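# Architecture and fold: a report
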Amino acid sequence: MSKLKCLLWDVDGTLADTERDGHRVAFNMAFETAGLERRWDEATYGELLKVTGGKERMRFDIERGGMADMSDAQIAELHAGKTQMYQQLIADGAIPLRPGVRRLLEEARAAGVILGVSTTTTPAALDALIEHSLGHEWFDYFAVLAAGDIVPAKKPAPDIYRYAMDKLDVSPAETMALEDSGNGWLSAQAAGLKCVVTVNGYTRGQDFAGADLVVSEFGEADRAAIDILDNPHALDDLHHVQLKHLQAMMGD
Ligand code: XBP
Ligand code: MG
């Protein structure tokens, strides 16, 4: 019996590259619809990603002088519009899953590993991605969808991971996190979880010291080998990340 009982998946940047071409675009559409001049270009959005949560990100941009001041209620209204825009982008098929995500999800599911989601994203945005990028059946396959304001402190706080583990009645010792960002890794680490990081354009240069594996993507057998950025467990046969690698990192 493997020690790996549960896999908790981050969403944005991990399941799919949703930030640059999804959330960022949706924010800009909402700003435009509201008659605001502010636009978040790709580089600016990269700076803003250090703050997790869309509403928190807008508040941060206001405080640093990027956007005109707004009340929390105005931010919430603007963010609700952004979420609708995002749902439409996802429904239009704008963002595919990252390489190897479906394969690894299915491999873990077939092996009886409990699957869950731990994300700072708004539930409605998560639902759109599941429905349109993963498939409706994944609403049943994930044993918990822990998302958004369900916990008061977003990543890098550990709360969303603790919430998911509590719901699933699993311990940190039998759970692994899959993340893409420094904030995500910090959150998983603070919850006491082992963690695999698949970096993307925004997160490649971030600090993942202490993570259990840092790679360019999960990869696929019939594609080029993944880039290995850090492999502290000295795993071999890492052309692409497989369930056996995750199990090995748990000490099986
Ligand atoms: C994702 C986030 C989210 C999204 C936007 O972080 O920080 O805020 O950028 O989603 P993680 P909302 O991948 O670590 O969960 O606008 O719905 O907050
Ligand atoms: Mg992420």
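What this report covers is the structure whose coordinates are included nearby. Bear in mind that the values here come from a model prediction, so they are computed numbers and not experimental data.

Scoring rules and cut-offs
All residue numbers refer to position in the chain's written sequence, counted from 1. In the order they appear in the text, chains get letters beginning with A and ligands get numbers beginning with 1. Local features in a predicted model are, by the rule used here, given only for residues with pLDDT of at least 70; side-chain atom pairs are given and counted only at 80 or more, and totals for whole chains, interfaces and linings are based on all residues. Each side-chain value is derived from all of the structure's non-hydrogen atoms; neither hydrogens nor water enter the calculation. In this analysis the probe radius is 1.4 Å and the grid spacing 1 Å, with only protein atoms considered; a cavity is a set of points the probe fits into but cannot get out of, a pocket is an open set with protein on both sides within 12 Å along at least five of seven lines, and lining residues have an atom within 4 Å of a point. Grid points are joined across faces, edges and corners, and a volume is the space filled by probe spheres set on the points. A run of DSSP states H or I qualifies as a helix once it reaches four residues; a run of E qualifies as a strand once it reaches two. Both are numbered from the N-terminal end. The classification used treats Ala, Val, Leu, Ile, Met, Phe, Trp, Tyr, Cys and Pro as nonpolar, Asp, Glu, Lys and Arg as charged, and all other residues, Gly among them, as polar. Throughout, the edges of the domains are those of an automatic or database domain assignment. For Na, K and Ca the donor cut-off is 3.2 Å, and for all other metals it is 2.8 Å, counting N, O and S atoms only; because water is absent from this set, sites may look incomplete. Each residue is placed in one exposure class: buried if its accessible area under a 1.4 Å probe, protein chains only, is under 20% of its type's maximum, exposed if it is over 50%, and partly exposed if it falls in between. Nearness is defined per residue: one heavy atom within 4 Å of the molecule or strand is enough. Pairs of N or O atoms are called polar contacts if they sit within 3.5 Å, as long as, within protein, a hydrogen donor faces a hydrogen acceptor (for residues adjacent in sequence, only side-chain-to-side-chain pairs). Whether a molecule lies in a cavity or pocket depends on its atoms, and more than half of them have to be within 2 Å of the grid points. By nonpolar core we mean a set of buried residues, namely Ala, Val, Leu, Ile, Met, Phe, Trp, Tyr and Cys, connected to one another through side-chain atoms within 4.5 Å. We call two residues in contact whenever any of their non-hydrogen atoms come within 4.5 Å of each other.

Within this model, the largest pocket holds a volume of roughly 440 Å³. For the largest pocket, the lining is made up of 35 residues, of which E19, L49, T52, R57 and T120 are closest to its centre. The element best represented in the lining of the largest pocket is helix α9 (residues 182–190), accounting for four residues. Here the lining of the largest pocket is built from residues that sort into six nonpolar, 17 polar and 12 charged. When residues of the lining of the largest pocket are sorted by domain, at least three fall in each of domain 1 (6–17 + 97–250) and domain 2 (19–91). Quantified by volume, the second largest pocket comes out at close to 150 Å³. Along the walls of the second largest pocket sit D17, E19, R20, D21, N200, G201 and Y202, which together make up its complete lining. Partitioned by chemical class, the residues of the lining of the second largest pocket number one nonpolar, two polar and four charged. Among the domains, domain 1 (6–17 + 97–250) and domain 2 (19–91) are the pair contributing at least three residues each to the lining of the second largest pocket.

Let us now look at the coordination of the magnesium ion (ligand 2). Around the magnesium ion (ligand 2), the protein contributes the donor atoms D10 (OD), D12 (O) and D180 (OD), which lie 2.1 to 2.2 Å from the metal centre. Along the chain, the residues that donate to the magnesium ion (ligand 2) are spaced as D-x1-D-x167-D. Taken together, the residues span a long stretch of sequence, with D12 in the loop between β1 (6–9) and α1 (18–33) and D180 in the loop between β4 (175–179) and α9 at a distance of 168 residues. Among the residues examined, D12 registers a relative accessible area of 8% and is labelled buried.

All right, on to the site of ligand 1 then. G54, R57, H79, K82 and T122 are the nearest of the 17 residues found near ligand 1. Contact distances for ligand 1 include 2.8 Å between an oxygen atom and a side-chain N or O atom of D10. Residue E19 places a side-chain N or O atom 2.7 Å away from an oxygen atom belonging to ligand 1. Under a 2 Å grid-point criterion requiring more than half of the atoms, the pocket assigned to ligand 1 is the largest pocket. Mapped onto the shell around ligand 1, the elements with two or more residues apiece are α1, α3 (54–63) and α4 (72–91). Per-element accounting of the shell around ligand 1 gives the leading share, three residues, to α1. Grouping the constituent residues of the shell around ligand 1 by class yields two nonpolar, nine polar and six charged. Here the shell around ligand 1 spans two domains, since at least three of its residues come from each of domain 1 (6–17 + 97–250) and domain 2 (19–91).

The next subject is the nonpolar core. The biggest cluster of nonpolar side chains holds 42 residues, and the ones touching the most others in it are L7, W9, L105, F142, V241 and L246. If you list the elements that add at least two residues to this core, you get β1, α4, α5 (101–110), β2 (114–119), α6 (123–134), β4, β6 (213–215) and α10 (243–249). Sort the elements by how many residues they give to this core and α6 lands first, with six residues. Each of domain 1 (6–17 + 97–250) and domain 2 (19–91) gives at least three residues to this core. In contact with F142, not counting residues within four places along its chain, are W9, L105, L115, G116, V117, I130 and L134. Residues A146, Y161, L168 and A177 belong to the second largest nonpolar core, which totals 22 residues.

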